[in-house]
Amino acid sequence: KQLAEGIQHMKFMCRLYRKQVDAGRLFLHENPAGATSWALPCVERMAREAGVHLVKADQCMFGLKTLGDTRSQLMLAKKPTKFLTNSKELGRELGRKCDSKHVHQPLLDGRAREAARYPPALCRAICRGIAREKKTRACGVTSVLSLASEAARPPSQISRSTTRGRRQTSQHSFESWRPRRRQG
């Protein structure tokens, strides 16, 4: 029963993410890297969407700490995590893998509960990513690669917002966004 409820919840979340994308808004999804939810068809489909980024991170790089073996000092905990977002800037901020310059305390013996909260540096990274995305969108900057990936998609697959909340669904409207080829 709990598994079925979890799957229903993830399907609901993916529908919300779709609404966010279609309306030109952002979404951010996070789960432990080893969570089985990453293998759900709705999550895999969302991750394959153009403009959606799957980012891997280790929370030790954001200062995640837990009690060490002696329980008298704090040690870094790796906690591999994946993020799914339609913000390139947010993905850049969050994509930090462990630099292997420190020792990790495994999240065993009740330590995982304490690690369920985001460390302050991770919260700041999320805020920086959102601020940069907002600034990028305000300037009207769109990466050439993003436009190229949109142009490469068949018109039948264009059913999401391409820029600034405008929905592109027909062949005619798709053509107006495709880069024009030179004649002759």
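Check the entry above for the structure.
What counts and how
Residues numbered from 1 in each chain as written. Predicted model: local features only at pLDDT ≥ 70, side-chain atom pairs only at ≥ 80, totals over all residues. Heavy atoms only, no water. Helix = DSSP H or I, 4+ residues; strand = E, 2+ residues; numbered from the N terminus. Expected span 1.5 Å × (residues − 1). Buried < 20%, exposed > 50% of the residue type's maximum accessible area, 1.4 Å probe, protein only. Arc of directions from axis to C-beta. Contact = heavy atoms within 4.5 Å. Core = buried A, V, L, I, M, F, W, Y, C linked by side-chain atoms within 4.5 Å.

Chemist: What is the right way to look at helix α5 (residues 120-139) in this model?
Modeler: Residues that lie three or four places apart on an α-helix share one face, since the helix turns once every 3.6 residues. When the terminal C-alpha atoms of α5 are compared, their 29 Å separation across 20 residues agrees well with the 28 Å that a helix rising 1.5 Å per residue should span. For α5, the full list of buried residues reads A121, L122, A125, I126, G129 and E133. The buried side chains of α5 occupy one side of the element, clustering within an arc of 145° when seen end-on. Projecting away from the buried face of α5 at angles above 90 degrees are the exposed residues P120, C127, K134, K135, A138 and C139. For α5, the elements touching its buried residues are β1 (28-32), β5 (80-85) and α3 (88-94). Residue G140 follows α5 closely and has a positive phi angle near 75°.

Chemist: Quick question: what am I supposed to make of the nonpolar core here?
Modeler: Soluble globular proteins: nonpolar side chains tend toward being buried together. In terms of nonpolar packing, the biggest core is built from 13 residues, with F27, C42, V43, M46 and L84 touching the most fellow members. If you list the elements that add at least two residues to this core, you get α1 (2-22) and α2 (41-48). Among the elements that take part in this core, α1 stands out by supplying five residues, more than any other. In this view, M46 contacts C14, Y17, R18, V21, F27, V52 and L84; residues no more than four positions away in its chain are not counted. Ranked by size, the runner-up nonpolar core spans ten residues in total, among them V55, F62, L90 and A125.

Chemist: Sorry, what's going on with α2 here?
Modeler: Taken together, the buried positions of α2 are C42, V43 and M46. Burial along α2 is one-sided: seen end-on, the buried residues are contained in an arc of 100°. Residues of α2 that are exposed and point more than 90 degrees away from the buried face comprise P41 and R48. Close packing links the buried residues of α2 with α1 and β5.

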